[in-house]
Amino acid sequence: DTGVSQDPRHKITKRGQNVTFRCDPISEHNRLYWYRQTLGQGPEFLTYFQNEAQLEKSRLLSDRFSAERPKGSFSTLEIQRTEQGDSAMYLCASSGRTGGTEAFFGQGTRLTVV
Amino acid sequence: AQKITQTQPGMFVQEKEAVTLDCTYDTSDPSYGLFWYKQPSSGEMIFLIYQGSYDQQNATEGRYSLNFQKARKSANLVISASQLGDSAMYFCAMREIGNEKLTFGTGTRLTIIP
């Protein structure tokens, strides 16, 4: 069984361009999370899905950000009109139980906006 | 609001020695879980250990143990017999039960010296 997979691992884009990241959770996990981690900080929660339903969004998720999880499987995170402040590591995690223990993280997508 | 504080930005420890990484937390919710994650340079967040607020005993997982002092709101990670492969960033995190969001501290960079 593979862990959480994220693609791409690295993305360099010009300011103003749109980018999309993909996350494939552990297959039996119904919960999926997106976090953002900037340099020198811990991850910050962005959004959470239970199956295909997006149940919680952080105020960090501005109108330029959108996340989807069609059919409750993989998820995508899109950033429109990227800004330099969007440069960060975007981490995806999944878990299988409500109030359960650990969430399993992927290796992240490192975004650099130039 | 929940908050995690890690006051040690960096630590250097001799190989084979034990090391304690500090974590204090703040929450008004009586039901919560505390987590420790390891983040090597590859970026992936690796789950290490979990402690529930109602657990009577301190959690242990191999060389990792969690020194849980509820009255002091402290959840320190103890790594016994440190190894070179333990060099990484370590993050303490908390989740209030019923809330899917993990709140992370700023992390401690641990370096094991041969």
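These numbers come from a predicted model, not from an experiment.

Caption draft 1: Structural view of the overall build of chain B. Across its full length, chain B holds zero helices and twelve strands. Secondary structure elements of chain B, listed N to C terminal, follow the sequence β-β-β-β-β-β-β-β-β-β-β-β. In terms of overall dimensions, chain B is globule-like: its C-alpha atoms have a radius of gyration of 14 Å, near the 13 Å expected for 114 residues. For chain B, buried positions account for 50% of its 114 residues. In chain B, of all internal contacts separated by at least 6 residues, the share reaching a separation of at least 24 is 55%.

Caption draft 2: Structural view of the state of the cysteines. Here the structure, examined in full by the defined rule, presents two disulfides over all chains. With a sulfur-sulfur separation of 1.9 Å, Cys23(A) is cross-linked through a disulfide to Cys92(A). Between Cys23(A) and Cys92(A) the disulfide shows an S-S torsion of about -70°. By sign, it is left-handed. Residue Cys23(A) is located in strand β3 (residues 19-24), and its partner Cys92(A) is located in strand β9 (residues 88-95); the two are separated by 69 residues in the primary sequence. Disulfide pairing is shown between Cys23(B) and Cys92(B); the S-S distance is 2.0 Å. Here Cys23(B) and Cys92(B) share a disulfide; its torsion about the S-S bond, -65°, makes the bridge left-handed. Linking Cys23(B) in the loop between β3 (19-21) and β4 (24-26) with Cys92(B) in strand β10 (residues 88-96), this pair joins segments that are 69 residues apart in sequence.

Caption draft 3: Region of the structure containing the pattern of salt bridges. All names here are of chain A. Per the stated rule, a full pass over the model turns up six salt bridges over all chains. Two residues, Asp-86 and Arg-64, come together in a salt bridge whose shortest N-O distance is 2.8 Å. On the criterion of sequence distance, the pair formed by Asp-86 in the loop between β8 (75-79) and β9 and Arg-64 in the loop between β6 (53-57) and β7 (65-68) is long-range, its members being 22 residues apart. Take Asp-86: its relative accessible area is 3%, and that puts it in the buried class.

Caption draft 4: The arrangement of the interface of chain A and chain B in detail. Contacts between the two partners involve 23 residues from chain A and, on the opposite side, 18 residues from chain B. Between chain A and chain B, roughly 1700 Å² of surface is buried when both sides are summed, and carbon and sulfur atoms account for 54% of that area. Applying the counting rule to chain A against chain B returns one salt bridge. Between Glu100(B) and Arg31(A) there is a salt bridge, with the nearest N and O atoms lying 3.4 Å from each other. The tally of links from chain A across to chain B stands at six residue pairs in polar contact (both at pLDDT 80 or more). Sorting elements by how many residues they give to the side of chain A that touches chain B places strand β4 (residues 31-37) of chain A first, with four residues. Split into classes, the residues belonging to the side of chain A that touches chain B amount to nine nonpolar, ten polar and four charged.

Criteria and cut-off values
- Residues numbered from 1 in each chain as written.
- Chains lettered and ligands numbered in written order.
- Predicted model: local features only at pLDDT ≥ 70, side-chain atom pairs only at ≥ 80, totals over all residues.
- Heavy atoms only, no water.
- Helix = DSSP H or I, 4+ residues; strand = E, 2+ residues; numbered from the N terminus.
- Rg over C-alpha atoms; globule rule 2.2 N^0.38 Å.
- Buried < 20%, exposed > 50% of the residue type's maximum accessible area, 1.4 Å probe, protein only.
- Contact = heavy atoms within 4.5 Å.
- Disulfide = S-S within 2.5 Å.
- Salt bridge = Lys/Arg side-chain N within 4 Å of Asp/Glu carboxyl O.
- Buried area = accessible area lost by both parts, 1.4 Å probe.
- Polar contact = N/O pair within 3.5 Å; in protein donor to acceptor, adjacent residues only side chain to side chain.
- Nonpolar A, V, L, I, M, F, W, Y, C, P; charged D, E, K, R; others polar.

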